[in-house]
Amino acid sequence: MATILGNIQQVRARIARACDVAQRPVQSVTLLCVSKTFGPDAVREAHAAGERCFGENYVQEALDKIAALADLRGAIEWHLIGPLQSNKTRAVAEQFDWVHSVDRLKIAQRLSEQRPANLPPLQLCLQVNISGEASKSGLAPAEVADVAQAVAALPGVRLRGLMAIPEPAGDLAAQRAPHRALRELFESLRAQGLELDTLSMGMSADLEAAILEGSTMVRVGSAIFGARA
Ligand SMILES: *Cc1c(COP(=O)(O)O)cnc(C)c1O
């Protein structure tokens, strides 16, 4: 029977193989374990297996989990990867370490204002709608540079990079195309002087394609915790 530990070992092996093919050091890719819909015990198991970074989609579910795992708070980084509404920014600014899903300046401004002064800056990525789907959230690629410059100037947050959730695609070549587009956008921002170091891309189905295109953080849920209900 599959265990969380066994699944994590398989995901680590996939990351290592992809880094090998890409001729990148394995430490250049961080594994973000996406624990949405799974309970605190599943997070404890992954933590016991050596994982430190956990991603959540739903703010209230995450706050409950963070509270249930208060004893591990100093040993875990909590990342919000799901949509964030204005009325939830205060709790997120107070409780999380990272937000990957910033899709407008106003949200970043609120997070910056509401970040408690005794905590380090909240680490942010801008979410980009890289496949151009009408239904998905995220900034249009053409909007990203202006928003990035404005977010980078905010005091309570630190802009680290870009995040995307490309449309599912069949083969490796098709999977690589949107990841390559996000990397090219990332490189153009760096060429404008923004000090970015994080490309949050790649999930259970396409982490190899993402790593080949330069991902520094893969967000993996079902391959670790199993299928979601
Ligand atoms: C659920 C989710 C993931 C993980 O997806 P899997 O296919 O289960 O690995 C990654 N990123 C985001 C934004 C998600 O919502």
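Everything here concerns the structure above.
Here is what the cut-offs are and how they apply
- Residues numbered from 1 in each chain as written.
- Predicted model: local features only at pLDDT ≥ 70, side-chain atom pairs only at ≥ 80, totals over all residues.
- Heavy atoms only, no water.
- Near = heavy atom within 4 Å.
- Polar contact = N/O pair within 3.5 Å; in protein donor to acceptor, adjacent residues only side chain to side chain.
- Areas by Shrake-Rupley, 256 points an atom, 1.4 Å probe, with all protein chains shown as cover.
- 1 Å grid on protein atoms, 1.4 Å probe; cavity = no way out; pocket = protein on both sides within 12 Å on 5 of 7 lines; lining within 4 Å.
- Sits in = over half its atoms within 2 Å of the grid points.
- Nonpolar A, V, L, I, M, F, W, Y, C, P; charged D, E, K, R; others polar.
- Points joined across faces, edges and corners; volume = space filled by probe spheres on them.
- Helix = DSSP H or I, 4+ residues; strand = E, 2+ residues; numbered from the N terminus.

1. Regarding the site of the ligand
Neighbouring residues of the ligand: V34, K36, N57, I81, I165, M203, S204, R219, V220, G221, S222 and R228. The separation between an oxygen atom of the ligand and a polar side-chain atom of N57 is 2.8 Å. One of the side-chain N or O atoms of S204 is found 2.5 Å from an oxygen atom in the ligand. Considered on its own, the ligand offers 390 Å² of accessible surface; in the complex 90% of this is hidden by protein. If you map the ligand onto the pockets, it falls in the largest pocket. For the shell around the ligand, the residue count by class is five nonpolar, four polar and three charged.

2. So, the layout of surface pockets
Considered as a void within the structure, the largest pocket measures approximately 350 Å³ in volume. If you trace the largest pocket, you find 19 residues lining it, with K36, N57, I165, M203 and R228 closest to the centre. Each pocket or cavity is described by its volume, and for the second largest pocket that value is around 180 Å³. In this structure, the second largest pocket is lined by R12, I15, V26, V29, T30, L31, G50, E51, R52 and C53. Put simply, the parts of the chain that give the lining of the second largest pocket at least two residues each are α1 (4–22) and β1 (30–34).

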